[in-house]
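Chain and residue survey
Here is how the chains run, residue by residue.
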Amino acid sequence: MTPNQIVALAAAPRRAYATLYASTFAFMVCFVVWMMFGVLGIQLRDELGLNSTEFGLLTATPVLTGAVMRLPLGAWTDRFGGRNVMTVLLVICAVPVYIVSYATQLWQFLVIGLFLGCVGASFAVGTPYVARFFPPERRGFAMGFFGAGAVGAAVNLFITPSLQAAYGWRMVPRIYAVVLLLTAAGFWLVAARDPGAGKAGGSLRQSFQVLRDPRVWRLCQYYSITFGGFTALSLWIPQYLKAEYGMTVVAAAAVAAGFSLPGSVLRAVGGVLSDRHGAHAVTWWGLWVAWICLFLLSYPKTDLVIYTIDGTWTLHLYVSMLIFVLLAFVLGAVFAFGMASTFKYVADDFPQNMGLVTGVVGLAGGLGGFLLPILFGALLDIFKIRSSCFMLMYGIVWVSLILIYLSDIRKSRLA
């Protein structure tokens, strides 16, 4: 081995980890911006006089674009490289983020939010980008570590209320626009050239042939539950806590971090577990734990009167603040494991089309994150039960467990 080859081998791990750290930080910044309406929307709801459905639409609109753009950005990452695509994305998205500070009506927030939401598509760029720097047995860790950039949802719950209280809500998007530009410059300087850029082979139309594989749509199902549920609840829980427990915006955002923080940080742990025990086991058992947590969270405040031979006996059923935080923490953790295990599937099954498949699966998850807050608001307006959001999630997870059993578990046992 020549001296140049030895130097190259020594430098490779450093480049890989530098790229991983830079990509994770960039994704975290994007996630903060993507989720900021979950906090700003509480004040905007009062200023604009929004009902629950309109509030859900306001918070969910950026998620829609973030979902739709994951497909083309994933394909472009395979073609042009993650470093190029991520840098351009950060620079372009700074413009609508800044403009949102001038909006005064709901329709303006919705239109600008569509453009602002492109930052959420950064996940489809970074996931295949960082995976290509690591061997197959370490890709679960790498993608899980990068996915931990979703801690931006928790960072948003700490930083945005403080900035809003200190400078007013209109200053918040202006500050975030500057942060996006600074992040783009730092990312370009630190991240390495994508080793897989332009190696997908064939035309873009031929690349999309992978979508005929039924395994892709199975992964879409998994991710629409884990990431879609995580995103939707991260947006919804702050106002839920404010209404259910009478908390201030700052306090509600801080407590809501008990869900968002494990749901992002523990993705790296989920990646390691997927490397060791397999993506399927982590996904299956994680959804069972989520099903139990959602059942308990969905039970509304209830007074149950039992008639006995000696009179009546009244039971008061209520999810206290402490129980809520504990259940939300566990729910966020298992969603994190499920998000990481899904993309372990992608890396194992589609190594040559990771960008495109990541985009499709991310699209499914983002659509779940867009539709669920709107459904949460509609259910609240119709049934007037705050915990109806958890009831809906409980039902979705229950149906999904049945589908996974029919498509995977029973088939495995017969085989």
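One can find the structure itself at the top, above this paragraph.
This text gives an overview of the structure that appears in the document. Please read all numbers here as calculations on a predicted model, not as lab measurements.

Comments concerning the overall build of the protein chain
A tally of helices and strands in the protein chain yields 19 helices and two strands. At 22 Å, the protein chain has a C-alpha radius of gyration in line with the 22 Å of a compact globule built from 415 residues. The C-alpha extent of the protein chain, read off along each of the three principal axes, is 90 × 60 × 40 Å. Of all 415 residues assigned to the protein chain, the portion counted as buried reaches 55%. Per element, the accessible surface of the protein chain, about 17,400 Å² overall, is 69% carbon and sulfur. Taking the average location of the 27 positive side-chain charges in the protein chain and that of its 15 negative ones, the two points are 11 Å from each other.

Quick look at unusual backbone geometry
Even without glycine at this site, K384 takes up a positive phi of about 60 degrees. The residue K384 is located in the loop between α18 (354–383) and α19 (388–414) in this model.

Side note on the packing of aromatic side chains
By the definition in use, this model includes 35 aromatic pairs. Ring geometry for Y17 against Y21: centres 6.1 Å apart, planes inclined by 45 degrees, an arrangement best described as tilted. Taken together, the positions of Y17 and Y21, both in helix α1 (residues 3–34) and four residues apart, correspond to about one turn of that helix. Judged by centre distance (5.6 Å) and plane angle (35 degrees), the ring pair of F230 and F259 falls under tilted. In this pair, F230 is assigned in helix α12 (residues 214–245) and F259 in helix α13 (residues 249–260), connecting sequence segments 29 residues apart. We note that F230, like F259, is buried. Here the aromatic cluster, defined as three or more aromatic residues joined through ring pairs, consists of F27, F31, W34, F123, F146, Y223, F227, F230 and F259.

Examining the packing of helix α3 (residues 52–68) against helix α4 (residues 70–80)
The contact between α3 and α4 brings their axes to 4 Å, and the two run at 35 degrees. Between α3 and α4, the residues in contact are G66, A67 and V68 and R70, L71 and P72, respectively. Its residues placed into classes, the contact of α3 with α4 shows four nonpolar, one polar and one charged.

With respect to the pairing of strand β2 (residues 311–317)
The pairing of strand β1 (residues 302–308) with β2 spans seven bridges and is antiparallel. The residue of β2 that forms the bridge with Y307 is T312. Linkage of β1 to β2, two consecutive antiparallel strands, is achieved through a turn of two residues.

Comments concerning empty space enclosed by the protein
Scanning the model with the defined rule gives two cavities of 30 Å³ or more in all. Of the volumes computed, that of the second largest cavity is approximately 30 Å³. For the second largest cavity, the full set of lining residues is M35, G38, A153, N156, L157, S234 and L235. Among the elements of the structure, α9 (152–167) and α12 are those that each provide at least two residues to the lining of the second largest cavity.

Remarks on the nonpolar core
Counting residues in each nonpolar core, the largest one holds 128 residues, and the members touching the most others are F31, L180, L241, F324, L331 and F335. Element by element, the count of residues in this core is highest for α12, at 16 residues. Those residues in contact with F335 that sit more than four places away from it in its chain are I225, T226, G229, F230, L233, F259, A290 and M393.

A short note on the pattern of salt bridges
On inspection of all chains with the given rule, the structure shows three salt bridges. A salt bridge links D78 to R132; the shortest N-O distance between them is 3.0 Å. Separated by 54 residues along the polypeptide, D78 in helix α4 and R132 in the loop between α7 (122–131) and α8 (139–147) bring together distant segments of the chain. Where R132 meets D194, a salt bridge forms, and the shortest distance between an N and an O atom there is 3.0 Å. Linking R132 in the loop between α7 and α8 with D194 in the loop between α10 (171–190) and α11 (204–207), this pair joins segments that are 62 residues apart in sequence. Taking the relative accessible area as the measure of exposure, R132 reaches 19% and is therefore buried. The structure contains a network of salt bridges with shared partners spanning D78, R132 and D194.

Things to note about the packing of α12 against α13
Relative to each other, α12 and α13 sit at 145 degrees, their axes nearing to 8 Å. In the crossing of α12 with α13, the sense of the turn from one axis to the other is right-handed. Contact residues: α12 offers G229, F230, L233, S234, I237, P238, L241 and K242, while α13 offers V249, A252, V255, A256, F259 and S260. Looking at the contact of α12 with α13, its residues break down into ten nonpolar, three polar and one charged.

Rules of the game
- Residues numbered from 1 in each chain as written.
- Predicted model: local features only at pLDDT ≥ 70, side-chain atom pairs only at ≥ 80, totals over all residues.
- Heavy atoms only, no water.
- Helix = DSSP H or I, 4+ residues; strand = E, 2+ residues; numbered from the N terminus.
- Rg over C-alpha atoms; globule rule 2.2 N^0.38 Å.
- Buried < 20%, exposed > 50% of the residue type's maximum accessible area, 1.4 Å probe, protein only.
- Areas by Shrake-Rupley, 256 points an atom, 1.4 Å probe, with all protein chains shown as cover.
- Lys, Arg positive; Asp, Glu negative; His and termini not counted.
- Charge placed at Lys NZ, Arg CZ, Asp CG, Glu CD.
- Phe/Tyr/Trp six-rings, centres within 6.5 Å; stacked < 30°, edge-to-face > 60°.
- Axes fitted to C-alpha atoms, helices over the stretch in contact; angles between N-to-C directions.
- Contact = heavy atoms within 4.5 Å.
- Nonpolar A, V, L, I, M, F, W, Y, C, P; charged D, E, K, R; others polar.
- Pairing = 2+ DSSP bridges.
- 1 Å grid on protein atoms, 1.4 Å probe; cavity = no way out; pocket = protein on both sides within 12 Å on 5 of 7 lines; lining within 4 Å.
- Points joined across faces, edges and corners; volume = space filled by probe spheres on them.
- Core = buried A, V, L, I, M, F, W, Y, C linked by side-chain atoms within 4.5 Å.
- Salt bridge = Lys/Arg side-chain N within 4 Å of Asp/Glu carboxyl O.
- Left-handed = near helix turned anticlockwise from the far one by under 90°.

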